[in-house]
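Now for the letters of each chain:
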Amino acid sequence: MIKIAILGYGTIGSGVVEVLNTNRESIAKRAGDEIEVKYILDLRDFPGDPMEKKIVHDYDIIAKDPEIQVVVEAMGGVEPAYTFVKQALLAGKSVTTSNKALVAKHGAELIAIAREQSINFLFEASVGGGIPIIRPLNSSLTADEIEEITGILNGTTNYMLSKMTFEGLEFDDVLKDAQSRGYAEADPTADIEGHDACRKIAILTSLVCGQQVDFEEIYTEGITKITAADIRYAKAMGRVIKLLATSRKTEEGYCAMVAPFLLSQQHPLYSVNDVFNAIFVHGNVLGDAMFYGSGAGKLPTASAVAADLVEIAKHLHKNILISWSSGKMDLADYKKAQSRFFVRTSQGKEEVTKVFGTVEFIEPEGVTGETGFITEVMTEKDYEQKAAELKNILQRIRVV
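Residues numbered from 1 in each chain as written. Predicted model: local features only at pLDDT ≥ 70, side-chain atom pairs only at ≥ 80, totals over all residues. Heavy atoms only, no water.

(A) Focus on the sheet that holds strand β3 (residues 55-56). Pairing in this open sheet of six strands is parallel, and the strands run β3-β2-β1-β4-β5-β6 from one edge to the other. Among the strands making up the open sheet, the edge pair consists of β3 and β6 (121-122). (Pairing = 2+ DSSP bridges. Helix = DSSP H or I, 4+ residues; strand = E, 2+ residues; numbered from the N terminus.)

The following block contains the structure:
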């Protein structure tokens, strides 16, 4: 029997317990042994809960118990999760986590410690919730040079943009709706400003290039400036607005970005709506592949954690190689990236063509007193220079 400890009995921690109980027999069969929760670390007590007697408040109880072979980190945040996880690994206990903040910041270090200890640090649930993407990148797609990863990696913002698209609502209204449904936190900053998606694309890029990608160096925009008027323009173009996290291999290295994009109906991510996530991968041998499913939520995320537990159980005292070193990857300058840009301005058509040259003007119903247009392909730097010359820019969204 493999005895484990769970750090945190919130949404994910309780979900892991539920998954282990619901699928106990099939999980034991696939793991080759039964998995039993011995401890749950939490500051709170849970009177009447079936796991009440397993609750402990002192992490040292877990760290010093030789029976504990695996620790599930479900606390969230960087500290004290980092301290506890590092201590567990140094004590010879494998770890699985869904914590993207922890993995993005300390992934390379924790992987190295696990390798030295001949144990494992796995984090399938840190990106895409229940969608398998970490393991495919680490095993199934190792024959490929991954040239692009582009994903809808945040269910909250995708729900909000879908709601704006289908119902024509303004940003503030859909945010309140998302919060009332539990999709958005009381403080939604990490989601709506793109920070959550940024950490996730940093993790995926680190795995692809095998080096540490600093998420703080990734250009990041959120969706807070998207308006109902933008949605009307998108519909006039036959497009939708999605918050994409993207990483592309260029001659100068990987270029990563998080920002809203206007997608055509031919784009593989066009039809990904509501709280669903999807990750598009292009390999030089494979070509295109797509991973789609529930990107968040209690049970989908817990399912990915439980899958890591099975993988760890099958490889006790044997490290699963993950190519992610602490050597820093310098990202390519995003200002050299090329795109078309959708622009709204209070300037007239004559001023627009004088600065931007040949453009495609867009005239949606219900929008007056401004000019909307799509530029030709240009670099980010060139766009910024032209926008500064035109002035009075109301909105700018990249077009793919």
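(B) Highlighting the nonpolar core. Counting 116 residues, the largest nonpolar core has Ile4, Ile62, Phe121, Phe123 and Leu204 as the members making the most contacts within it. Judged by nonpolar contacts, the second largest core, of 13 residues, contains Ile152, Leu244, Leu269 and Ala278. (Core = buried A, V, L, I, M, F, W, Y, C linked by side-chain atoms within 4.5 Å. Buried < 20%, exposed > 50% of the residue type's maximum accessible area, 1.4 Å probe, protein only.)

(C) Spotlight on the packing of helix α5 (residues 100-116) against helix α10 (residues 195-209). As a packed pair, α5 and α10 sit with axes 9 Å apart at the nearest point and diverge in direction by 45°. In terms of their interaxial angle, α5 and α10 are classed as oblique. In this structure, α5 crosses over α10, and the sense of that crossing is left-handed. In this structure, α5 uses Lys100, Ala101, Val103 and Ala104 to contact α10, whose residues at the interface are Asp196, Arg199, Lys200 and Ile203. When grouped by side-chain class, the residues that make up the contact of α5 with α10 number four nonpolar, no polar and four charged. (Axes fitted to C-alpha atoms, helices over the stretch in contact; angles between N-to-C directions. Parallel < 35°, antiparallel > 145°, perpendicular 65-115°, else oblique. Left-handed = near helix turned anticlockwise from the far one by under 90°. Contact = heavy atoms within 4.5 Å. Nonpolar A, V, L, I, M, F, W, Y, C, P; charged D, E, K, R; others polar.)

(D) Region of interest: the side chain of threonine 345. Topologically, threonine 345 is positioned in strand β13 (residues 338-345). Residue class for threonine 345 comes out buried when judged on its relative accessible area of 0%. In terms of polar contacts, threonine 345 uses its side chain to reach the backbone amide nitrogen of glutamine 347, at 3.0 Å. Among the polar contacts made by the side chain of threonine 345, one reaches the main-chain carbonyl oxygen of asparagine 392 at a distance of 2.9 Å. (Polar contact = N/O pair within 3.5 Å; in protein donor to acceptor, adjacent residues only side chain to side chain.)

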